[in-house]
Structure formats: structure tokens, C-alpha cells
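Given next are the chains, with one letter for each unit.
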Amino acid sequence: MELKDAVAVVTGANRGLGRHLAAQLVERGAKVYAAARRPETVDLPGVTPLRLDVTDEASIRAAARTASDATLLVNNAGISTATPLIAGDPDTVRLEMETNFYGPLAVTRAFTPVIEGNGGGAVLNVLSVLSWLHPANLGSYAATKAAAWALTDAAREELAPRGIAVSALHVGYMDTDMAAGVPADQKADPADVAGQALYGIETGLPEILADEVTRHVRQSLAASPNAA
């Protein structure tokens with residue numbers, strides 16, 4: 001997909017990876033709707049702030065009406081609560097699933113006819129290495145990302161005939177607020193990750209693996225479960 005003159009909607013664009021994605025899209029010549037629950041927190045030059053709460057259907061529908069010229073959707077908004085599945089608060093588990101799975105699903109459903117009506121385009125879902133690696137202390141988050149991986153694969157097949165390519169970005173820890181407690185040497189630069197993501201969209205990659213840990217874990221999925 002050519003990003004120059006594309007019209008992108010980036011959810012969670014007020015900080016972290018989403019902010020880098022929005023900024024780099026502008027640099028590449030795209031029109032960018034920088035979506036956030038509180039659009040007044042978007043301070044990037046050259047973007048159009050857009051109110052969008054991925055857990056609010058009315059907000060999603062209104063955003064799709066406003067961004068009626070969209071050709072690219074980046075489902076970046078998400079939360080991580082460090083909640084285990086068995087001992088954790090079930091309401092928090094549900095909130096994480098509502099935000100990280102049902103949110104991208106609802107936004108994609110709303111923007112599919114928009115993108116198709118504008119001649120086709122692409123969807124990028126920001127996932128995680130924890131789509132495939134499921135530590136107990138992050139069980140809720142991992143479950144949502146595993147579900148979002150399935151969503152991405154199924155949507156890719158369903159939307160291809162409608163002229164919409166669907167890609168997944170998988171990455172480990174990044175130097176953002178979500179991973180503030182992680183040592184710096186274990187975190188990827190979100191600006192670099194954003195660059196890899198946009199290259200993947202441009203070249204039509206179905207999966208974008210943004211760091212060495214993620215590439216290693218992805219490769220290990222093909223190994224025998226009894227392998228060392």
C-alpha cells in the first residue's frame with residue numbers, strides 16, 4: 001500500500017507507539033486522524049484529532065462518519081493490567097478483553113465499509129509477542145492478544161476479497177508508559193517499531209516481527225513441544 005496520500009486512522013495516537021505511528025505517517029505524506037478517548041491530549045502537528053473510545057460503539061460509529069475518507073486503519077489502542085486469569089479480578093479480565101479484542105473488532109467492522117468504499121486499503125493490528133507466549137502473571141493480557149491474533153488472521157481472509165489487506169505487528173516490550181517498569185536494555189525503541197510497521201504495510205507483509213525476541217518465539221511455534 002502506498003502511504004503517500006493515504007488517509008489513516010490511528011487509535012491510541014496520543015502517546016506511545018501510536019504517537020510515533022501517527023507522526024511517521026504524516027512524514028510520509030499521509031493524512032492522519034489521531035484517535036484518542038480524549039482528543040484534547042493529541043498534540044502532534046499535522047494531524048486531525050479524533051474522539052474514539054474503542055469500548056464505546058457510539059463513539060466508534062461517530063468516528064467512522066467523521067473519517068469517511070479513511071483508507072488505512074491502525075488498531076493500536078490497548079491496555080495491560082498485569083492480571084492473572086485465575087486469581088485476578090474477573091471484571092478486569094473482561095475490561096482487558098473488551099479493550100484489546102472487542103475494541104479492534106468493533107473498529108474494524110465500522111471502518112471496513114469506509115475503506116472498501118474508498119477503493120480499498122489496509123488494516124494493521126498492533127499485537128504482541130504474548131500472542132504466542134502466555135506467562136501466568138500476564139494471563140489476561142496474553143489471552144486478549146492471542147484472541148486478537150486469531151481475529152487478525154480471520155479478518156485477513158475475510159477482507160481480502162474486499163480489497164483490504166490485514167497485517168499484524170508483533171513486538172515485545174517497548175520504551176513506552178505501558179512498560180515503564182522494565183529495564184531500558186530490554187525494550188525496543190517505539191520509533192523503530194513504528195518504522196518497521198509502516199514498511200510492512202507498504203510491502204504487504206501479513207506479519208511484522210519487530211524485535212529479536214518476537215522473531216525467536218514465532219519461530220519456536222513450529223518446533224516440537226518436547227524440544228529443548
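Look up a bit, the structure's there.
Residues numbered from 1 in each chain as written. Predicted model: local features only at pLDDT ≥ 70, side-chain atom pairs only at ≥ 80, totals over all residues. Heavy atoms only, no water.

### What to know about the sheet that holds strand 2 (residues 31-36)
Pairing within the open sheet is parallel, and its 7 strands lie in the order 3-2-1-4-5-6-7. Looking at which strands have only one partner, the edges of the open sheet turn out to be strand 3 (48-51) and strand 7 (207-209). Between one strand and the next, the sheet's axes are offset by a mean angle of 20°, whatever the strand orientation. As paired elements, strand 2 and strand 3 share 4 bridges and run parallel to each other. Opposite Ala35, over in strand 3, you have Leu50 as the bridge partner. The strands touched by helix 5 (residues 190-203) are strand 4 (72-75), strand 5 (121-126), strand 6 (164-170) and strand 7; relative to strand 7, the strand with the most contacts, the crossing angle is about 155°. (Pairing = 2+ DSSP bridges. Helix = DSSP H or I, 4+ residues; strand = E, 2+ residues; numbered from the N terminus. Axes fitted to C-alpha atoms, helices over the stretch in contact; angles between N-to-C directions. Contact = heavy atoms within 4.5 Å.)

### Examining the pairing of strand 6
Regular strands place side chains that alternate from one sheet face to the opposite one. Of all the 7 residues making up strand 6, 6 are buried; the element is thus mostly covered by neighbouring parts of the structure. Where strand 5 and strand 6 come together, 6 bridges link them in parallel fashion. In the sheet register, Val126 faces strand 6, and the bridge partner there is Leu169. Crossover handedness for the path strand 5 to helix 4 (residues 139-159) to strand 6: right-handed. Alignment of strand 6 against strand 7, held across 3 bridges, turns out to be parallel. Looking across to strand 7, one finds that Leu169 is bridged to Ile208. (Buried < 20%, exposed > 50% of the residue type's maximum accessible area, 1.4 Å probe, protein only. Right-handed = clockwise from strand over helix to strand, strands pointing away.)

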